[in-house]
Amino acid sequence: MPTIRDFDHDGSHFTITSEIDGDEWTFKVLCDGKVIGQLWTVSDEVMKDAASYGVDLKSAVADELQHAAQRVHDLKVKKYR
């Protein structure tokens with residue numbers, strides 16, 4: 001599964017990946033190599049339409065998933081500290 005983005009946050013390493021399965025794109029978020037989230041809502045048609053307008057939808061989805069992963073991670077860390 002191709003990596004869209006890698007980033008480190010609060011001592012953990014996160015990876016966001018994507019792949020096409022049929023006519024839907026799957027985006028996964030991994031934390032330290034383990035899948036912690038999966039998004040199945042972007043159709044290939046939407047990806048192609050966005051690209052035709054010059055929009056990098058993969059990057060936009062990765063931005064949102066990165067921010068969400070950081071917020072969830074912060075909440076979990078605060079809960080256990």
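The structure reproduced in this document is the subject of the present report.

Calculation rules
Residues numbered from 1 in each chain as written. Predicted model: local features only at pLDDT ≥ 70, side-chain atom pairs only at ≥ 80, totals over all residues. Heavy atoms only, no water. Helix = DSSP H or I, 4+ residues; strand = E, 2+ residues; numbered from the N terminus. Buried < 20%, exposed > 50% of the residue type's maximum accessible area, 1.4 Å probe, protein only. Polar contact = N/O pair within 3.5 Å; in protein donor to acceptor, adjacent residues only side chain to side chain. 1 Å grid on protein atoms, 1.4 Å probe; cavity = no way out; pocket = protein on both sides within 12 Å on 5 of 7 lines; lining within 4 Å. Points joined across faces, edges and corners; volume = space filled by probe spheres on them. Nonpolar A, V, L, I, M, F, W, Y, C, P; charged D, E, K, R; others polar. Salt bridge = Lys/Arg side-chain N within 4 Å of Asp/Glu carboxyl O. Arc of directions from axis to C-beta.

1. Side note on the environment of His9
Thinking step 1. Along the chain, the position of His9 falls in strand S1 (residues 3-9).
Thinking step 2. Owing to a relative accessible area of 17%, His9 belongs among the buried residues under this scheme.
Thinking step 3. Counting along the chain gives 61 residues from His9 to Gln70, while the straight-line C-alpha distance between them is 6.9 Å.
Thinking step 4. In this structure the side chain of His9 is engaged in a polar contact, spanning 2.7 Å, whose partner is the side chain of Asp74.

2. A look at the layout of surface pockets
Thinking step 1. One number sums up the size of the largest pocket: a volume of about 280 Å³.
Thinking step 2. Every residue lining the largest pocket is counted, 16 residues in all, and those nearest its centre are Phe14, Ile36, Ala69, Val72 and Lys76.
Thinking step 3. Residues belonging to the lining of the largest pocket are distributed by class as follows: 11 nonpolar, three polar and two charged.

3. Some remarks on the pattern of salt bridges
Thinking step 1. All told, the structure shown has two salt bridges when counted by the stated rule.
Thinking step 2. Measuring nitrogen to oxygen at the nearest pair gives 2.8 Å for the salt bridge that ties Asp63 to Arg5. Here Asp63 is found in helix H2 (residues 57-80), whereas its partner Arg5 is found in strand S1, with 58 residues between them in sequence.
Thinking step 3. A salt bridge links Lys48 to Asp44; the shortest N-O distance between them is 3.1 Å. Taken together, the residues span about one helical turn, with Lys48 and Asp44 both in helix H1 (residues 44-52) at a distance of four residues.
Thinking step 4. Residue classification places Lys48 among the exposed residues on the basis of a relative accessible area of 55%.
Thinking step 5. Residue classification places Asp44 among the buried positions, given a relative accessible area of 17%.

4. Quick word on H1
Thinking step 1. All of the buried residues along H1 are Asp44, Met47 and Ala50. All buried residues of H1 fall inside an arc of 125° around its axis, so they share one side. More than 90 degrees from the buried face of H1, the exposed residues found are Glu45, Lys48 and Ser52.

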